[in-house]
Amino acid sequence: MRGSVGGRAGPRRVVEWAAAACVGLLAQASAWAAGHSGLRVWLPEGVTTTAPLIDRLFYVVLSVTGVVFVLVEATLLVFLVRYRRRPGRRAAYTHGNSLVELVWTVIPALLLLFLTMDSQRVWSQVRGTPPPADVELEVTAEQFAWNIRYAGADGRLHTEDDLTTINQLHLPVQRTVLIHLKSKDVIHSFFVPQFRLKQDAVPGITGRLWVSATTTGNFEIACAELCGLGHYRMRGFLTIESLEAFQAWLAQTKAEQAG
Ligand SMILES: [Cu+2]
């Protein structure tokens, strides 16, 4: 490095350059984020009423930890350069500083308390008592498929007029859907990234999850738990459509199965 031979100019330049790079990166990132309405970085599209809550929490945690990361790494770099071993310079000994220790304990504690309370609030909205369901259905995982059961005209599951499909999950948009999640054999995991939901399907336990979709479209259901040799092909297809289209599909599928 050019400046390092000439004494102190080199390290200082490196620190200045690093600081400028950090500030520049942060400025770029925030400008980019501000320019995008409905901020979404790295995450797939969110299609439920609760997805924005989870995304917001994700970005809050990412910003807090991001700022702390940059500050800690920048301080580390400064200290590495500034207090490096130099001929003729003796090490200084310190026995701590109560004020500094208090500050670096209290600030993280407050941050963690804030994150705990914020995430608890989101958790209770997403996974607390579900709102009254418009549609109830059952998803039973097995090696290596998703068995879907819809209630028939009576609106109740496990009656004569139920409709069952394999790997085809249809949901009406803007309706609250309660999913009873089961497993026939081993532990699977029901994962729809666009729902921001991942729930284990455990034999002997019926899991409950609810969604209210905000957009129509076609998505995929992945099994997110290594459940055997065919795990890679345990893939379901999710269609979110209007209530009319959903009811028409139910009727049509029922007619096809009867015929
Ligand atoms: Cu599986």
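Note that the structure is a prediction, hence the values are computed from the model and not measured.

Asker: Sorry, what's going on with the pairing of strand 9 (residues 217–223) here?
Answerer: Two faces make up the sheet, and in a regular strand the side chains alternate between them. Here strand 6 (residues 188–192) pairs with strand 9 via two bridges, running antiparallel. Looking at strand 9, one finds that Phe191 is bridged to Ala222. Strand direction decides the pairing type here: strand 9 and strand 10 (residues 235–241), joined by six bridges, are antiparallel. Each bridged residue has a counterpart across the sheet, and for Glu220 the counterpart in strand 10 is Phe237.

Asker: Just to check I follow, could you spell out the nonpolar core for this structure?
Answerer: As a rule of thumb, nonpolar side chains are buried together in soluble globular proteins. Membership of the largest hydrophobic core comes to 29 residues, with the highest contact counts inside it found for Val139, Leu171 and Leu238. Counting contributing residues, this core receives three or more from each of domain 1 (3–85) and domain 2 (135–258). If we skip the residues at most four places from it in the chain, Leu238 touches Leu169, Leu171, Val192, Asn218, Phe219, Glu220 and Ile221.

Asker: Quick question: what am I supposed to make of the confidence of the model for the chain here?
Answerer: As a general rule, the predicted coordinates of low-pLDDT regions are not to be interpreted in detail. Looking at the chain as a whole, the pLDDT averages 87, with 85% of positions reaching at least 70. Low pLDDT, under 50, characterises residues 1–9; the stretch is placed with five contacts to residues that sit more than four places away or in other chains. Counted against residues more than four places away or in other chains, residues 33–37, with its pLDDT under 50, gives two contacts.

Asker: Can you help me understand the sheet that holds strand 9 in this one?
Answerer: Overall, mixed pairing links the five strands, which are arranged 4-10-9-6-7 in an open sheet. In this open sheet, the two strands that pair with only one neighbour each are strand 4 (168–172) and strand 7 (197–201). Sheet twist, expressed as the average angle between the axes of neighbouring strands with direction ignored, equals 25 degrees. With five bridges connecting them, strand 4 and strand 10 associate as parallel partners. By the bridge assignment, Pro172 is partnered in strand 10 with Glu241. The strands touched by helix 4 (residues 243–258) within the sheet are strand 4 and strand 10, with strand 4 carrying the most contacts at an inclination of about 140 degrees.

Asker: Explain the sheet that holds strand 1 (residues 135–142) here, please?
Answerer: Backbone-to-backbone hydrogen bonds pair the strands of a sheet. The strands run either parallel or antiparallel. Here five strands make up an open sheet; going across it, the order is 3-2-1-5-8 and the pairing mixed. Unpaired on one side and paired on the other, strand 3 (163–166) and strand 8 (207–212) mark the two borders of the sheet. Looking at each pair of strands side by side, their axes are set apart by 25 degrees on average, direction ignored. Both strand 5 (residues 176–183) and strand 8 contribute to a ladder of six bridges, which runs antiparallel. Pairing of Leu181 across the sheet is with Gly207, part of strand 8.

Criteria and cut-off values
- Residue positions are given per chain, counting from 1 as you read along its sequence in written order.
- Local features in this predicted model are restricted to residues of pLDDT 70 or higher, and side-chain atom pairs are both shown and tallied only at a pLDDT of 80 or more, whereas totals for entire chains, interfaces and linings draw on every residue.
- Each pair of strands is called paired provided DSSP finds at least two bridges between the two strands.
- A helix here means a DSSP run of H or I that spans at least four residues, while a strand means a run of E at least two residues long, and both kinds are numbered starting from the N terminus.
- Put simply, a nonpolar core is buried Ala, Val, Leu, Ile, Met, Phe, Trp, Tyr and Cys residues tied into one set by C-beta atoms within 7 Å.
- Here a residue counts as buried when 20 or more other C-beta atoms fall within 10 Å of its C-beta, as exposed when 12 or fewer do, and as partly exposed in between; the C-beta atoms come from the backbone.
- As used throughout, domain bounds are those supplied by an automatic or database domain assignment.
- Working definition of a contact: two residues with C-beta atoms, positioned from the backbone, lying within 7 Å.
- As a per-residue measure, pLDDT reflects the predictor's confidence and takes values from 0 up to 100.
- The axes are straight lines fitted to the C-alpha atoms, using for helices just the contacting stretch, and the angles between their N-to-C directions are given from 0 to 180°.

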